[in-house]
Structures are given as structure tokens and as C-alpha cells.
Amino acid sequence: MDILSILKLLGGIGLFLYGMSLMGSSLEKLAGSGLEKILEKLTTGKNKAAGYIKGWGLGTGVAAIIQSSAATTIMLIGFVNAGIMKLVQAIPVIMGANVGSTVTAQILRLGDLGSDNIIVQLIKPAAFAPMLVGIGAFIVLFTKNKKAKQSAGILVGFGILFYGMTTMEAVFAPLKDSPAFQKAFVSFNNPFIGILVGLVITVLIQSSNASIGILQALSATGSVTYASAFPILVGANLGKCMTTILGGIGGNKKSKRLVLAYILFNLFGAIIFSTVIYSIYYTVGIGFWNDSINRGGIANIHLLFNLLTSIILLPFSQKISNLTAKIIGDDEASKSDKELAVLDDMLLNTPTIALEQCKHVISAMADAIYENYQISTSLIYNYDPTKLTELEENENFIDRCESALSTYIVKINSKRLSKDNRFVVSEILNSISDFERMGDHCMNIFYVAQDKNEQNINFSPAGHFEIDTITSAVDNILKTTFECFKNNDASTAARIEPMAETIDRLKEIIKTHHVERLQEGICGIAGGISLVDLVTSYERISSHCANVSLHIVKRVENDKNFDEMHGHTNDNFSEEYKALVHYYEMQYISPVINEKQSLEAEQKYREEHKEEFEDKKKEKSKQLNKPSDKIKAKLSDKKSDKNKSNDKAKSDDKAASKDNKKAVDKDNSTAKKSNRKK
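What comes next is a walk through the structure. Please read these numbers as outputs of a predicted model, since none were measured by experiment. (Residues numbered from 1 in each chain as written. Predicted model: local features only at pLDDT ≥ 70, side-chain atom pairs only at ≥ 80, totals over all residues. Heavy atoms only, no water.)

1. Brief notes about helix α12 (residues 208-219)
- For α12, built from twelve residues, the straight-helix expectation of 16 Å at 1.5 Å per residue is met to within 8% by its first-to-last C-alpha distance of 16 Å.
- In terms of residue burial, α12 counts as a mostly covered element, since twelve of its twelve residues are buried.
- Looking at α12, one finds that the buried residues are S208, N209, A210, S211, I212, G213, I214, L215, Q216, A217, L218 and S219. (Helix = DSSP H or I, 4+ residues; strand = E, 2+ residues; numbered from the N terminus. Expected span 1.5 Å × (residues − 1). Buried < 20%, exposed > 50% of the residue type's maximum accessible area, 1.4 Å probe, protein only.)

2. Examining the packing of aromatic side chains
- One pass over the full model with this rule turns up 15 aromatic pairs.
- Plain terms: the ring middles of Y226 and F288 are 5.0 Å apart, the flat faces sit at 70° to each other, and that makes the pair edge-to-face. One end of the pair, Y226, is in helix α13 (residues 226-239); the other, F288, is in the loop between α15 (253-283) and α16 (295-313), with 62 residues separating them in the sequence.
- On the basis of relative accessibility, which here comes to 44%, the residue F288 falls in the partly exposed class. (Phe/Tyr/Trp six-rings, centres within 6.5 Å; stacked < 30°, edge-to-face > 60°.)

3. Focus: the pattern of salt bridges
- Going through the model one piece at a time under the given rule, you end up with eight salt bridges.
- We note a salt bridge from K359 to E427, for which the minimum N-O separation is 3.5 Å. Remark: E427 occurs in helix α21 (residues 419-454) and K359 occurs in helix α19 (residues 351-378); sequence separation between them is 68 residues.
- For E427, a relative accessible area of 1% corresponds to the buried category. (Salt bridge = Lys/Arg side-chain N within 4 Å of Asp/Glu carboxyl O.)

4. A look at the nonpolar core
- Residues L258, L405, I412, F435, V474, L478 and I541 are the most contacted members of the largest nonpolar core, which totals 99 residues.
- Element by element, the count of residues in this core is highest for α19, at 14 residues.
- Formed by 37 residues, the second largest nonpolar core is a distinct cluster that contains F16, L108, I212 and I293. (Core = buried A, V, L, I, M, F, W, Y, C linked by side-chain atoms within 4.5 Å.)

5. A few points about the environment of W56
- With respect to the helices and strands, W56 occurs in helix α3 (residues 48-66).
- Residue classification places W56 among the partly exposed residues on the basis of a relative accessible area of 22%.
- In the structure, W56 is positioned 44 residues away from G100 in sequence and 9.6 Å away in space, judged by C-alpha atoms.

6. Thoughts on the packing of α15 against helix α17 (residues 317-328)
- Here α15 crosses α17 at 120°, and the two axes come no closer than 9 Å. As α15 runs across α17, the sense of the crossing is right-handed. In this structure, α15 uses K253, K256, R257, L260, A261 and L264 to contact α17, whose residues at the interface are I320, S321, L323, T324, A325, I327 and I328. (Axes fitted to C-alpha atoms, helices over the stretch in contact; angles between N-to-C directions. Left-handed = near helix turned anticlockwise from the far one by under 90°. Contact = heavy atoms within 4.5 Å.)

And the structure:
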């Protein structure tokens, strides 16, 4: 083999690898986020067996589409590392992925078809490869439809793959009659040498499908036997673990356990099948062992190796998971680390999933912001210094999220993204800073509460009522913003801007009332400063909520012309907008104005009727000191009973006593009537 042949061989391998990559990526793009969604939403079945079978089937299908078990496994490593999937769910999927990856070899076996008639010749790779490339190229060049171009990419990928195969076959063809080549291949009959060769080739080219494709091309020379092909196939299945090992570097313990499970799967298959085959060969013997093998025979051994290994090991998925835990161990991350762990670089090749993980982190960020808001506002009147630790923990988490998300989004943005994903990137990137600033203003509210407590500042009753009102309004806008961000709800987002406008007006009204109270001497300067600081923080929070609503609307409506920096969620002059503003004004502004008017009216009335109020107080005081008619009646009853007892012996006084009693009873009756009237 001269230098030109070596260059042609390298070119053939390159075409094969590129064609396989182009075909897989085109299939994946054509499916959109479907493949990723299937894996993301993978759940266990009603029982373990059903869950294992379901996962196995999904792994087989996905690997068959993207033509790589290693790529599927790396995707799964990212999902496990990010907490999307449990390890025991992922293990059946990698078993299925090994089976799905054998589809390439089954397609390449078409080269074994005879050429008896024109139809058979047309379906041979050498014939349909140029047709596939030609049709695909015309579609790519002359259509603007994205799905049509992706379909064309599949055709071109298939064609290039088969071009690479035929190129390799052409290079190997002269070796058919070479004694040196045949002698070298006989040495592969040694199991250890054959396994080592298969392993090294696969590690070097990072694809078991490619190494098996080379073996299938070599089989066209007639020099490849079952004895030499089997150990090379076993070595190729072991060599593909290297890609997965490299993909698992830097992951958490759970992802490393999945890598170990993948290695154990292929290692178990290699040991079991090698033991069984060579035990039979060296004892009973295998009649066809030294016969030549074709592409179909290589494809069948490759399929049986992975299929039977997965069938044997599938029921033991849980035990494999437990074994990996014993070997590697497991770790418990903090709450903050768990949330940020979902931003895994392994997910960057699946942007849809990566962006969903970003949304998950922002949702956790929103929960921390709302928790800090509730804590800080509760401390305005019930200060508790022990709450500072919790506030700072949440604030540190919010800051970490902002930094991690910004870095991660930049990485995602460097990938080839769909139109929808580009809008999601824009929404997240613009919303991150707004969320982080909300957290900062929540901390500002705490610092105001802290100063208020340390300086023993008290708000006037009117100021107290106004702070409670604006606190409630901002609580409402925060909950609404976070809810529509999590649910991508543009209709709810349209309510945020009118609410923010109402809060802004409420802030100005509260500040005006404060100046009036300050002039009247009702409120002190220190209390006024605290009040203004509070309402300013409230207004800034609502402003950032309005910004987020604009990002949501742009993303949901997919409107690239929407100006999220200066635009509005709806027409500010529309009846709907005016109705929303009026609704929120009635809910938050009217009570503040009415409360002020009520307090002013009461104060004015008291001043105008000051003397009357004083007279009423005096009258009430006299009534409290003067015995009531009821008490007098009881004293009269007691006196009458005493006289009756002393004059019992005197008959002439008996009648007088009787008359006295009647008189007293009459007085009592009069007193009771008088009491009722009063």
C-alpha cells in the first residue's frame, strides 16, 4: 500500500465519519426538540419491569436516529448530572442505545447484495450514493424551507457515508491477493491481539460504528474470517467507552456512576461472550470459525452482542446502580449547589434542554427573591435580627444564579440555535439582571427596617397605612411576574405594566402626603427618610417587574421587531389598559386617598366641636361617680326589711310598715321606668 492509497483510505474514513455525523445531526434537527423532550420526560412505568423496557426502547430509538450510542450516553450523562433523570432510569436507556447503534452496520450490509438485475444494482450503495448526494444537494441549493433542507441533509449524509465506504473498499481491494496482508489478518485470530486492535482503532477514531464500518469494508477482500472479526468487534465495543469516559470528566458522582454503568455493560458483554464462544471453540469446535465473513455476518454479530447483553442485564438495572454507588459513592450537595448543578456543560449540545434548565434556575431565583421580600417587609414593624442570616443566604444564591446564568447563556448562544431558542436566550439574558436587582432592593428594604429599629423610628398612623398598601401592591406584582415568567403567559404579563404604573403613582402620592404631614409636624424627618427609602425600593421592584413582562411578551409572540427596552405590553391608550389602571387605582390608590380624607375630616370635626367633646367627657365622668337609681332602690329595700324586723311586736306599726313598703315599691317602679327611658 503506497502513500496515495493511505491518503485515499484516510479520505474514505473521513467521508464515512462526516456522512454519519451529518445524517445524525440532520435527523436530530428535523425532530426538533422531540428527542431531548422524550429523554427529559422519561419516567418509570407502573412497575420496574415496564419502566426498564420503556427506557430500553427509548434508548434504542434515539441511538438509531443519531447513529451513536456514545453520543446518546453523553446526553444522558448531562441529564443525570443536571438531575433531570434518575440514574436507575438512565441505565436501561444506555443499554438500548448500544442496540440502536448497530443500525449503521445493518444499513452497510446492503453492499452484499448481488447484481443480477437493474433493481438490485440500484439499491446497492455504490449506485444510490451519488443519487442521494445529488438529490440532497439540489434541495439544499434551491429551497429555502428549513425542514426540506434538514431532510436533504439526511440524504446527503447517507450518500457521503456510502461514498466513504466504497472509497475504503476500493483501497482495500488490491490487498485481496496480498499474502502479507492475509498473514497479518490471520494474527487477529488470537483473541487478545484482535480485541486490542479493535479497541485501539475505536479509541483513535472515536466511533465504534466507524471501526466496524472499516471492518465491513475489509470483509470485501475475503480475508476477514469469523475468527478474526469476532475479537475486533469485541474490542470495538470496549473502545467506544473512551468517548463516554471523556464526556463524564468533570461531572458529579451520579454522572460518573452512569459512565461506570456503561463500562460495566460493555465489559460484561465482552467477558461473557468471549468466554462462551472460545469455550465452545476450544472444546466442541465451531465449523465455520475460519470461514470468510461478509458485511451481513459482521452486522449480525455486532447486533447479537449488544442485544443479548442488554436482555441479560436489563432486569438488574437497580443492582447495577447500587454497585456503582458502592464503587464510586454518592454525594449530597447543598440546596444552592443542587439548583446550579442543572447548568451542565454536557447539555450545551441539546440547547432546548439547556434553556429549560436555565428557566428552572431562574424559577428558583424568583422563589428566593419572593421569600426575601416577605421576610424584609415583615421586619418593618416586627424586627428580628436573626432573619439576616436567611436573607443573606438567599441573596448570595441570587447573585450566584445571576453570574452562573450569564456565563451559561453565552455558551448556549454560541451554538446553532433555532428561532424559538434564540428568543428564549434573549428573554433569559435580559431578565437575569432584572431579577438580580429585585433581590438587591429586597435587601434595601431590610436595611431600612434595621435603621428604623435601631433609631426607634415610628411612622404616623397614616404613614403606616400607606406603607401597608404599597407593600401589598408590590407583593401582587411580584407574584404575577414570577407566575407568568414560569408559565410563559403573555396575557397575564399584560397586567403587569398597568400595575407598575399604579405603584409609581402611589409612590408619588405617599411622598406628597409625607411632605404635608412633615409641614404639619405630624411626622418627623427621620421617619420621613425611612418612608421615602421604602417606597423608592418598592417602585424600583415594580419597574423591574415591568421590564420582565416586556421580555416575556417578546419571547411568547416571537416578535423580533418588538422593542423590549422602550415598548409596552399593550397600547397605553386602549380601553383595556385604562380599565386595568382604573382597577388597580381603585384597589391601591383610592384606599390611601380615602384614608387620608377620613383622618383629616375626623381631625377637623374634633377641632370644631372641641367644647362639646369636653362637656361630654365631664358628663360621662359624673355619671360614673353618681349612684344609679337601681342601686338606690336596692338600698331602700334593705332599709325596709330592717324596720319590719324591729317593729314585729308592735301591731299598730305593722300597718305603717306595710304602707311604707308600698310607697317604696311605687318609687322602685318609677325608677325602673325612668331607667328604661334613659
